[in-house]
Amino acid sequence: MTEQKNISTASIGLVNPKTPVNVGGIMRAAGCYQANAVFYTGNRYELAARSGEAQYDVDTKNAAKTIPLTRVESLLEQAPKNAKIICVDLVVGATPLPLFEHPADAFYIFGPEDGTIPQQIIDAADEVVYVPTVGCMNLAASVNVLLYDRLAKSAQIAADDELIRESRDNNNRTKVKTWKK
Ligand SMILES: C[S@@+](CC[C@H](N)C(=O)[O-])C[C@H]1O[C@@H](n2cnc3c(N)ncnc32)[C@H](O)[C@@H]1O
């Protein structure tokens, strides 16, 4: 298997997320981009997940089996050691993500579907970034964009045909017509 060297760490913090579809999508993103852990606060996700139906399970790669998803009382107290706290939201004065340099060890905090990151967490952050979108994105989409931006700016990208073969579905045999090997 292609080895994705992971000497840096990226963890995700979610402020009181509401929907299992979003948390599932975030776990799938965590698996795809090799994040280390996902933490969340509040009770809404657990309550909704308990009554949830399997058809809404979007973590079909079962990333939650290998990446810890942990409920915590306080995201700030749970920040992984040495990680910079990066709030990601539409906050006045924030840095546009395209101009942002990611720290090696980061704890990215996102707001809920129907709210925003509390000011107290923003005040404690090392950096606050936003994606210059027209209107706000869906929560899981914003986590995907953030993790993709981190990957795109990383010096450790293992990108080759072997990774494509390992990552794609079993029934996918497509290739680029100019492909020679
Ligand atoms: C649906 S949004 C909630 C509304 C958002 N707080 C606002 O002020 O418009 C859910 C979360 O996704 C993230 N998000 C969505 N769009 C974003 C953007 N353009 N830049 C940064 N974060 C974004 C933030 O963490 C946000 O709290």
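Above this note sits the structure.
All of these numbers come straight from a predicted model, not from anything done at the bench.

K.L.:
Explanation requested: helix α1 (residues 20-32) in the structure shown.
P.N.:
Each full turn of the α-helix corresponds to 3.6 residues, which orients residues three or four apart in the same direction. The first and last C-alpha atoms of α1 sit 18 Å apart over 13 residues, in line with the 18 Å expected at 1.5 Å per residue. Of the positions making up α1, those classed as buried are Pro20, Asn22, Val23, Gly24, Ile26, Met27, Arg28, Ala29 and Ala30. On its buried face, α1 is in contact with β1 (9-14), β2 (37-40), α2 (44-50), β3 (69-71) and α5 (139-152). In the segment just after α1, Gln34 is the residue with positive phi, at about 60°.

K.L.:
How do you make sense of α5 when you look at a structure like this?
P.N.:
End to end, α5 covers 20 Å across 14 residues, agreeing with the expected 20 Å (1.5 Å per residue, within 8%). Of all the positions in α5, only Leu139, Ala140, Ser142, Val143, Leu146, Leu147 and Arg150 are classed as buried. Looking straight down α5, one finds that the buried residues subtend no more than 160° of arc, so they occupy a single side. Buried residues along α5 sit against β1, α1, β4 (84-88) and β6 (105-110).

K.L.:
How do you make sense of the site of the ligand when you look at a structure like this?
P.N.:
Not every one of the 15 residues close to the ligand is listed here, only the nearest: Phe110, Gly111, Thr116, Cys136 and Ser142. Taken together, the residues of the shell around the ligand break down into nine nonpolar, four polar and two charged.

K.L.:
Teacher, can you tell me more about the nonpolar core here?
P.N.:
As a rule of thumb, nonpolar side chains are buried together in soluble globular proteins. Core analysis: the biggest nonpolar cluster contains 41 residues, and Ile26, Ala30, Val38, Ile86, Tyr108, Ile109 and Val143 have the highest contact counts within it. Secondary structure elements with two or more residues in this core: β1, α1, β2, β4, β6, β7 (127-130) and α5. Once residues within four sequence positions are removed from consideration, Ala30 is found in contact with Ile12, Ala35, Val38, Ala63 and Ile67.

Parameters at a glance
Residues numbered from 1 in each chain as written. Predicted model: local features only at pLDDT ≥ 70, side-chain atom pairs only at ≥ 80, totals over all residues. Helix = DSSP H or I, 4+ residues; strand = E, 2+ residues; numbered from the N terminus. Expected span 1.5 Å × (residues − 1). Buried ≥ 20, exposed ≤ 12 C-beta atoms within 10 Å, placed from the backbone. Contact = placed C-beta atoms within 7 Å. Arc of directions from axis to C-beta. Near = placed C-beta within 6 Å. Nonpolar A, V, L, I, M, F, W, Y, C, P; charged D, E, K, R; others polar. Core = buried A, V, L, I, M, F, W, Y, C linked by C-beta atoms within 7 Å.

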